[in-house]
Amino acid sequence: MAKKAPASTAPTTPAKGKALEVGERAKPATPPSAPSRHLDVFPNPAPQRDYVIQFQVPECSCPLPGQRDFAHCTIDGTADELCIELKSLKMYMWSYRNDGAFHEKVTNAILDDMVKAIEPRYLRITAKWYVRGGIYTNVVVEHRKKGWKPAPKVDLPQHNAET
């Protein structure tokens, strides 16, 4: 059963009653140019199969206590019915720049919000926080949809490149 995005999210709703087709994206009336905790979604173009979507966010940041901390965030996921739209993800990540919070809190909050937005089959966030006081902090959080099991890993033979 396909899940529809909430009607209040203008960028993901069809224009004037026309059904939104896979591969199309409704354009917002005014594109966001400021931080936002809103994540826009669109229908998964291939919900019949498991595939990995990976986002690399090279500059996550949050200040605590009063100093800006930076992280490289890698978000790996297997969508179910919905996917997250990239521009809204960028604005969402940007929204943490002025929050004073611990690395663990920020990383878990991002996971919780993404799971709430798209209910993925699987989602992992790896936040590699840069050194503070000589210590690097890596925070890895995961979500698995109840009952979902990934397909077995396929190991293919490795061949040397021929010249």
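Above this text sits the structure in question.
Notes on the structure follow. (Residues numbered from 1 in each chain as written. Predicted model: local features only at pLDDT ≥ 70, side-chain atom pairs only at ≥ 80, totals over all residues. Heavy atoms only, no water.)

1. Observations regarding the packing of aromatic side chains
Then, in step 1: Taken as a whole and assessed by the stated rule, the structure comprises two aromatic pairs.
Then, in step 2: Between Tyr92 and Tyr96 the ring centres are 5.5 Å apart and the planes differ by 75°, which places this aromatic pair in the edge-to-face class.
Then, in step 3: Note on Tyr96: relative accessible area 5%, which makes it buried.
Then, in step 4: For Arg37, the ring lying beneath its charged end belongs to Tyr96, and the centroid distance is 3.8 Å. (Phe/Tyr/Trp six-rings, centres within 6.5 Å; stacked < 30°, edge-to-face > 60°. Buried < 20%, exposed > 50% of the residue type's maximum accessible area, 1.4 Å probe, protein only. Lys NZ or Arg CZ within 6 Å of the ring centre and 35° of its normal.)

2. Topic: helix H1 (residues 86–94)
An α-helical turn contains 3.6 residues, so a residue and the one three or four places further along point in the same direction.
Then, in step 1: Every buried residue of H1 is listed here: Ser88, Leu89, Met91, Tyr92 and Met93.
Then, in step 2: Measuring from the side-chain oxygen of the N-cap residue of H1 to the backbone nitrogen of Lys87 gives 3.1 Å; that N-cap residue is Glu85. (Helix = DSSP H or I, 4+ residues; strand = E, 2+ residues; numbered from the N terminus. Polar contact = N/O pair within 3.5 Å; in protein donor to acceptor, adjacent residues only side chain to side chain.)

3. Description of helix H2 (residues 103–118)
Then, in step 1: Over its 16 residues, H2 extends 23 Å from the first C-alpha to the last, a length consistent with the 22 Å expected when each residue adds 1.5 Å.
Then, in step 2: Downstream of H2 by a residue or two, Glu119 has a phi angle that is positive, lying close to 45°. (Expected span 1.5 Å × (residues − 1).)

4. Here we look at the pattern of salt bridges
Then, in step 1: Per the counting criterion, the structure on display carries six salt bridges.
Then, in step 2: Between Glu142 and Arg144 there is a salt bridge, with the nearest N and O atoms lying 3.8 Å from each other.
Then, in step 3: Ionic pairing is found between Lys153 and Asp155, a salt bridge with its closest N-O pair at 3.7 Å.
Then, in step 4: Assessed through its relative accessible area of 74%, Lys153 is described here as exposed.
Then, in step 5: Asp155 sits in the exposed class, given a relative accessible area of 61%.
Then, in step 6: One connected set of salt bridges, linked through shared partners, spans Asp50, Asp80, Arg121 and Lys145. (Salt bridge = Lys/Arg side-chain N within 4 Å of Asp/Glu carboxyl O.)

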